[in-house]
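This is what each chain is made of:
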Amino acid sequence: MDKLPTSKPSICRVALDTPLRRTFDYRIEADRAAPPLGSRVSVPFGRRQLVGVAISLESESEVDESKLKSISRTLDPEPTFDAPLLKLLRWATEYYHHPIGEVIAAALPKLLREGAPLVSQTEYWAATDAGIAALAAGEPKRAPKRRELLERLVAAGTRGLDVVELNEQLPGWREAAKALAKQEWLISGSRDIFFEPSKPVIAENSTSTDIRPELSAQQRQVLEAMQSSGVTRYHAWLLHGVTGSGKTEVYLRLAEQQLQAGRRVLVLVPEIGLTPQLVGRFARRFPQTPLAVLHSGLTDSERLTAWRAAHRGHAQLVIGTRSAVFAPIPSLGIIIVDEEHDSSFKQQEGGFRYSARDLALVRAHLLDIPIVLGSATPSLESLHNAASGRLTRLSLPDRAASASPPTLRLVDLRQERVHAGLSTTAVSAIQRHLAADGQVLVYINRRGYAPTLACTACGWVAPCQSCDARMTVYRQAARLRCHHCGADRDLPRQCPQCGYAVKTVGQGTERIEESLAETFPGVGIARLDRDVVRRSDELEAVVARMSGGEAKILVGTQMVAKGHDFPSLTLVVVLNADQGLFSTDFRAAERLAQTIVQVAGRAGRASRPGEVLIQTEYPEHPLLSGLLTGGYDAFASAALEERRSAAWPPFSRLAALRASATEAETAIQFLEAARRATRTLNPGAVRLLGPAPAAMARRADRHHAQLLLESADRGALHRLLDQWLPAVEALPEARRVRWALDVDPLELF
Ligand code: ADP
Ligand code: ZN
Ligand code: ZN
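A few points on the structure. Model, not experiment: these values are computed from the prediction.

**Structural notes on the pairing of strand 10 (residues 264-268)**
Counted residue by residue, strand 10 has five buried out of five residues, so it is predominantly covered. Side chains Arg264, Leu266 and Leu268 project from strand 10 onto one buried face, and the interleaved Val265 and Val267 project onto a second face that is buried too. Summarising the sheet, strand 10 and strand 12 (residues 317-320) pair through four bridges and their orientation is parallel. Following the sheet pairing, Val265 is matched in strand 12 by Leu317.

If you want it as structure tokens, here you go:
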């Protein structure tokens, strides 16, 4: 809590986008009003002028006041961040041990960081009652331009038209407008830019109108349970519903309830490109409700527009990816986090590495509003939180409508003839489903044509020059590309080492697409992966080919695992389940199980039963056999037991200090020095592991390494981090590396 200033505050504490772990004090000139807390201010900083955010008012400064500079200007007439949001940002600063200025910068659209106005106004013109009467009386005569302008403005009603619209509709309108205004037939003024609700990312099928179904008994139970503990106070729910169980319908009902009560709704989704249908479903269900969509594919000005719409309260529904957890939304009534297990909710790059799901829980708590985390495959963290009572678990165990769960079967690759990655069993199953007019999904976790290009004679394989990785073959484009650094070169025809022929090894989506086209000539095949989907309209095209039935087989990476609902899709083939079975990352098994269950969930969504084939060389592996016999629940309880006995999260807390440098030694030396710096701090219950090079140590010509901190005691870990990080920052070795702290890291590479 800030202490209340006793005299008139003369000092404003400002957060600035610098890597320094502190705020900066500025003087408020005697004749000026103090900036509203949470508003942006322009301040001198060194020789520059920076945009910062006022976070507290003080009556005195720790700095000699004669040395303080003054605030140059308050940029916002009202707070950019309201008090609860400012509290959330401070909470994040402490929990992630990250400089407050950078945390706040991450929460602001770029253009606002650069000083763009918070509210933008536009000039508009409208017809007066006198103008309407004049037009009805056939005025103005012999002045076609004026007449046309008046006609248009009368037609536009009380809202009138803004300058952009007038320029578009009637170039050269201004002369006419001035003349009409003299006769008092028009008025002009300025107002907030009219908010155009975001268009859904994916155009809706023309056939799909919204049906608001009768709730199933299970859905009713879930909603009643939520009702019974009140819809206006903090309560955190884990909605575990199998794919197709009608979770989205539950979200829609919850949203409807809040909207009717005049409150706003925030829905967080994984990468927007992966959940195309959700936005469309909200837009269809609430066609009159302004909707703002915030995701990484927006231009800076689109982002600003959507953000402003949220801030002004124009948008009643805000749907967004990770950083939308910071979107300012007045009278927020509920937060819904869809696919809560998805790793894209965790920012894993850059300096400020936060979990949007975890921050959403904190935000709901600060606002005292309900929050729903939904998933078909909840994270082990959330299941653990449900077991300990922090989340209330509700289940939708059956599919909605008439759909029944798909049957899962393993295909033992050791006993099968396999051609280009496809087993005979898979090929004949595809044939069978196509003949029955079904659609097929083939899942493979690799894009490109093949993961490796190798020499047939000397054993050379095409390496990336900048990474400890092989180049991926792109055959259609005749390129070699590195998925880790983006390197891109010609596909060699011969071995650069010995001149013999080269061949591709293994399969990616492009290769599977090709071999399916050979095996099933004349059958429409679509492909979905990050290479296809550079822009969202290409995703749209692929989805349309499948929904329209022109494509019968869809080949894709995890992009196909989420959100799509193709009613005729009856068969799913998982080509390579084995990646992830033997990984050193303790989360690999969880991710694999989630992917398999999610992909399998694409089969048999409507009335026709679904079938799922999982190709593997390890059919007796406990993860696969467990998943088959006991489903995700059985897998999750076994996996949680393993985590408990190994004392991994959620039974302990982790933080990773990550470093990279152009020399491997430099990164390790920094981490060793950082480790030594813990000695004087009494790490107590905190265990230090490493430093160790990352599994893929060299990426884009930098060597990566990490030091892991682990403790069963969250408090102890955070106390150590608090004391330790200033010391780490001050290390001379720190200047020679890039480093970042990752609290609750997801990937241990
Ligand atoms: P989830 O989000 O759990 O995957 P959805 O909400 O998308 O599930 O529902 C799956 C399918 O079932 C959708 O086609 C949806 O329209 C339909 N559905 C959901 N609830 C009902 C219901 N109560 N009655 C009939 N159909 C429903
Ligand atoms: Zn060779
Ligand atoms: Zn590379």
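Here the narrative resumes, following the displayed structure.
**Topic: the nonpolar core**
Counting residues in hydrophobic clusters, the biggest one holds 126 residues, and the most contacted among them are Phe81 and Trp724. With eight residues, helix 18 (residues 622-646) is the largest single contributor of residues to this core. When neighbours within four sequence positions are excluded, Trp724 is seen to be in contact with Leu657, Ala674, Ala677, Thr678, Leu681, Leu707 and Leu709. Membership of the second largest hydrophobic core comes to 30 residues, among which are Ile272, Leu278, Val279 and Ile319.

**Notes on the coordination of the zinc ion (ligand 3)**
Looking at the metal site, the zinc ion (ligand 3) is ligated by Cys464 (SG), Cys467 (SG), Cys482 (SG) and Cys485 (SG), spaced 2.2 to 2.3 Å from it. One can describe the donor arrangement at the zinc ion (ligand 3) as tetrahedral, given that its four donor atoms subtend angles of 101 to 114 degrees at the metal. Of note, the zinc ion (ligand 3) draws all its donor residues from one chain, in the sequence arrangement C-x2-C-x14-C-x2-C. Placement of the pair is Cys464 in the loop between strand 20 (452-455) and strand 21 (472-474) and Cys485 in the loop between strand 22 (479-481) and strand 23 (488-490), with a sequence separation of 21 residues.

**A word on the site of ligand 1**
In the vicinity of ligand 1 there are 18 residues, among which Glu214, Gln219, Gly244, Thr248 and Arg281 approach most closely. Between ligand 1 and Ser245 there is a distance of 3.2 Å, counted from an oxygen atom to a backbone nitrogen or oxygen. At 3.4 Å, a backbone N or O of Glu249 approaches an oxygen atom of ligand 1. In the complex, the protein chains occlude 77% of the 550 Å² of accessible area that ligand 1 would expose alone. When residues in the shell around ligand 1 are grouped by element, the largest group, three residues, is from helix 9 (residues 247-260). Of the residues contributing to the shell around ligand 1, the split by class is five nonpolar, seven polar and six charged.

**Observations regarding the sheet that holds strand 9 (residues 235-241)**
The parallel open sheet is built from seven strands, whose spatial order is 11-12-10-13-14-9-15. Only two strands of the sheet have a single partner each, and these edge strands are strand 11 (291-294) and strand 15 (392-396). For this sheet the average axis-to-axis angle between neighbouring strands, irrespective of direction, equals 20 degrees. Two elements, strand 11 and strand 12, share four bridges in a ladder whose sense is parallel. The residue bridging Ala292 from the neighbouring strand is Val318, located in strand 12. Running over the sheet, helix 9 touches strand 9, strand 10, strand 12, strand 13 (332-338), strand 14 (370-375) and strand 15 and is turned about 170 degrees from strand 13. With respect to the sheet, helix 11 (residues 300-312) is in contact with strand 11 and strand 12, its orientation differing from that of strand 11 by roughly 130 degrees.

**Some points on the coordination of the zinc ion (ligand 2)**
In this structure, Cys455 (SG), Cys458 (SG), Cys495 (SG) and Cys498 (SG) serve as the protein donors to the zinc ion (ligand 2), at separations of 2.2 to 2.4 Å. Taken together, the four donor atoms coordinating the zinc ion (ligand 2) and their angles of 101 to 114 degrees define a geometry best described as tetrahedral. When the donor residues of the zinc ion (ligand 2) are listed from N- to C-terminus, their spacing reads C-x2-C-x36-C-x2-C. In this pair, Cys455 is assigned in strand 20 and Cys498 in the loop between strand 23 and strand 24 (502-505), connecting sequence segments 43 residues apart.

**Overview of unusual backbone geometry**
Geometrically, the link from Glu139 to Pro140 is a cis peptide bond, its omega value of -20 degrees lying close to zero. Topologically, Pro140 is positioned in the loop between helix 4 (129-136) and helix 5 (144-156). In this structure, the amide linkage connecting Gly690 to the following residue, Pro691, adopts the cis form with an omega of 10 degrees. Inspection of the secondary structure assignment puts Pro691 in strand 30 (residues 687-699).

**So, the sheet that holds strand 21**
Read across the sheet, three strands follow the order 21-22-23 without closing on themselves; strand pairing throughout is antiparallel. Two strands close off the open sheet at either side, each with one partner strand: strand 21 and strand 23. With strand direction ignored, the average angle separating the axes of adjacent strands in the sheet is 30 degrees. Both strand 21 and strand 22 contribute to a ladder of three bridges, which runs antiparallel. By the bridge assignment, Thr472 is partnered in strand 22 with Arg481.

Cut-offs used in this document
Residues numbered from 1 in each chain as written. Chains lettered and ligands numbered in written order. Predicted model: local features only at pLDDT ≥ 70, side-chain atom pairs only at ≥ 80, totals over all residues. Heavy atoms only, no water. Buried < 20%, exposed > 50% of the residue type's maximum accessible area, 1.4 Å probe, protein only. Helix = DSSP H or I, 4+ residues; strand = E, 2+ residues; numbered from the N terminus. Pairing = 2+ DSSP bridges. Core = buried A, V, L, I, M, F, W, Y, C linked by side-chain atoms within 4.5 Å. Contact = heavy atoms within 4.5 Å. Donors = N, O, S within 2.8 Å, 3.2 Å for Na, K, Ca; no water. Tetrahedral: all angles 85-135°; square planar, octahedral: opposite > 155°, others 65-115°. Near = heavy atom within 4 Å. Polar contact = N/O pair within 3.5 Å; in protein donor to acceptor, adjacent residues only side chain to side chain. Areas by Shrake-Rupley, 256 points an atom, 1.4 Å probe, with all protein chains shown as cover. Nonpolar A, V, L, I, M, F, W, Y, C, P; charged D, E, K, R; others polar. Axes fitted to C-alpha atoms, helices over the stretch in contact; angles between N-to-C directions.

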